[in-house]
Amino acid sequence: QVQLVESGGGLVQAGGSLRLSCAASGRTFGVYAMGWFRQAPGKEREFVAAISWGGGTTYYADSVKGRFTISRDNAKNTVYLQMNSLKPEDTARYHCARGAVYGSGSGRESDYGSWGQGTQVTVSS
């Protein structure tokens, strides 16, 4: 069973930046698509960004397009989420998730089989 551990969350003012990391256990990280999702209190979990197994294809929710960038380093078993121009509505717990083998990435939760515990991001106005 893979373990996914997120880090990099915190409290930041509106307009600021944070970089989230998700470290995966095991030796097969590089063949899986990866995604980031978030869940705010009282709201359903929503898709943020996804990246293909090789890193050549990325997808973003409209709400973060142009502000967030997903990337991966397969040599380090890590996927990143660079978040710029943060807004109070970005406040949520951010989770990374492992998708399909040799997948291109997806915005559907059902396409992800393993999830991390998440890291909290709080954006103050």
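On a predicted model such as this, the values are computed, not experimentally measured, just so you know.

Student: Just to check I follow, could you spell out the nonpolar core for this structure?
Tutor: Counting residues in each nonpolar core, the largest one holds 32 residues, and the members touching the most others are Trp 36, Val 48, Phe 68, Val 79, Leu 81, Met 83 and Tyr 94. Counting residues per element, the ones that place at least two in this core are strand E3 (18-24), strand E4 (32-39), strand E5 (46-51), strand E7 (68-73), strand E8 (78-83), strand E9 (92-101) and strand E11 (119-124). Those residues in contact with Leu 81, other than ones at most four positions away along the chain, are Leu 18, Arg 19, Leu 20, Trp 36, Val 48, Ala 49, Phe 68, Thr 69, Ile 70 and Tyr 94.

Student: Which parts of the structure should I look at to understand the side chain of Ser 114?
Tutor: Mapping Ser 114 onto the fold places it in strand E10 (residues 114-115). The buried category is assigned to Ser 114, whose relative accessible area is 8%. Sequence-distant contacts of Ser 114, that is, excluding residues within four places in its chain, are made with Gln 1, Val 2, Leu 4, Cys 96, Ala 97 and Arg 98.

Student: Got a minute to help me understand the state of the cysteines in this structure?
Tutor: By definition, a disulfide links the sulfur atoms of two cysteines through a covalent bond. A complete count under the given rule lists one disulfide for this structure. Residue Cys 22 pairs covalently with Cys 96 via a disulfide, S to S 1.9 Å. Measuring the twist about the S-S bond at about 45°, one finds the Cys 22-Cys 96 disulfide to be right-handed. Of this pair, Cys 22 sits in strand E3 while Cys 96 is found in strand E9, placing the two residues 74 residues apart along the sequence. Here the two residues Cys 22 and Cys 96 agree in accessibility, since each one is buried.

Student: Looking at this model, I keep getting lost on the packing of aromatic side chains. Mind explaining?
Tutor: The description of an aromatic ring pair rests on the distance of the ring centres and on the angle between the ring planes. Evaluated as defined, the whole model comprises five aromatic pairs. Ring plane angle 80° and centroid distance 5.1 Å describe the contact between Phe 37 and Tyr 112, whose orientation is recorded as edge-to-face. Of the two residues, Phe 37 is situated in strand E4 and Tyr 112 in the loop between E9 and E10; the sequence distance between them amounts to 75 residues. A single burial state applies to Phe 37 and to Tyr 112, both of which are buried. With centroids separated by 4.9 Å and ring planes inclined at 90°, the aromatic side chains of Trp 53 and Tyr 102 adopt a geometry described as edge-to-face. Within this pair, whereas Trp 53 is found in the loop between E5 and strand E6 (58-60), its partner Tyr 102 is found in the loop between E9 and E10, the two being separated by 49 residues in sequence. Put simply, the rings of Phe 37, Phe 47, Tyr 112 and Trp 115 touch in pairs and so form one group of aromatic residues. When the ring centre of Phe 29 is taken as origin, the NZ or CZ atom of Arg 72, which lies over that ring, is 4.6 Å away. Lying across the ring of Tyr 32, Arg 98 places its NZ or CZ 3.8 Å from the centre.

Student: Help me out: how do you make sense of the environment of His 95 in this one?
Tutor: Structurally, the position occupied by His 95 is in strand E9. We classify His 95 as buried; its relative accessible area is 10%. As for His 95 and Ser 114, which are separated by 19 residues in sequence, their C-alpha atoms are 10 Å apart. Discounting residues that sit within four places of it in the chain, His 95 has contacts with Glu 6, Gly 35, Trp 36, Phe 37, Trp 115, Gly 116, Gln 117 and Gly 118. From its side chain, His 95 meets the backbone oxygen of Gln 117 in a polar contact 3.4 Å long.

Here is what the cut-offs are and how they apply
- Residues numbered from 1 in each chain as written.
- Predicted model: local features only at pLDDT ≥ 70, side-chain atom pairs only at ≥ 80, totals over all residues.
- Heavy atoms only, no water.
- Core = buried A, V, L, I, M, F, W, Y, C linked by side-chain atoms within 4.5 Å.
- Buried < 20%, exposed > 50% of the residue type's maximum accessible area, 1.4 Å probe, protein only.
- Helix = DSSP H or I, 4+ residues; strand = E, 2+ residues; numbered from the N terminus.
- Contact = heavy atoms within 4.5 Å.
- Disulfide = S-S within 2.5 Å.
- Phe/Tyr/Trp six-rings, centres within 6.5 Å; stacked < 30°, edge-to-face > 60°.
- Lys NZ or Arg CZ within 6 Å of the ring centre and 35° of its normal.
- Polar contact = N/O pair within 3.5 Å; in protein donor to acceptor, adjacent residues only side chain to side chain.

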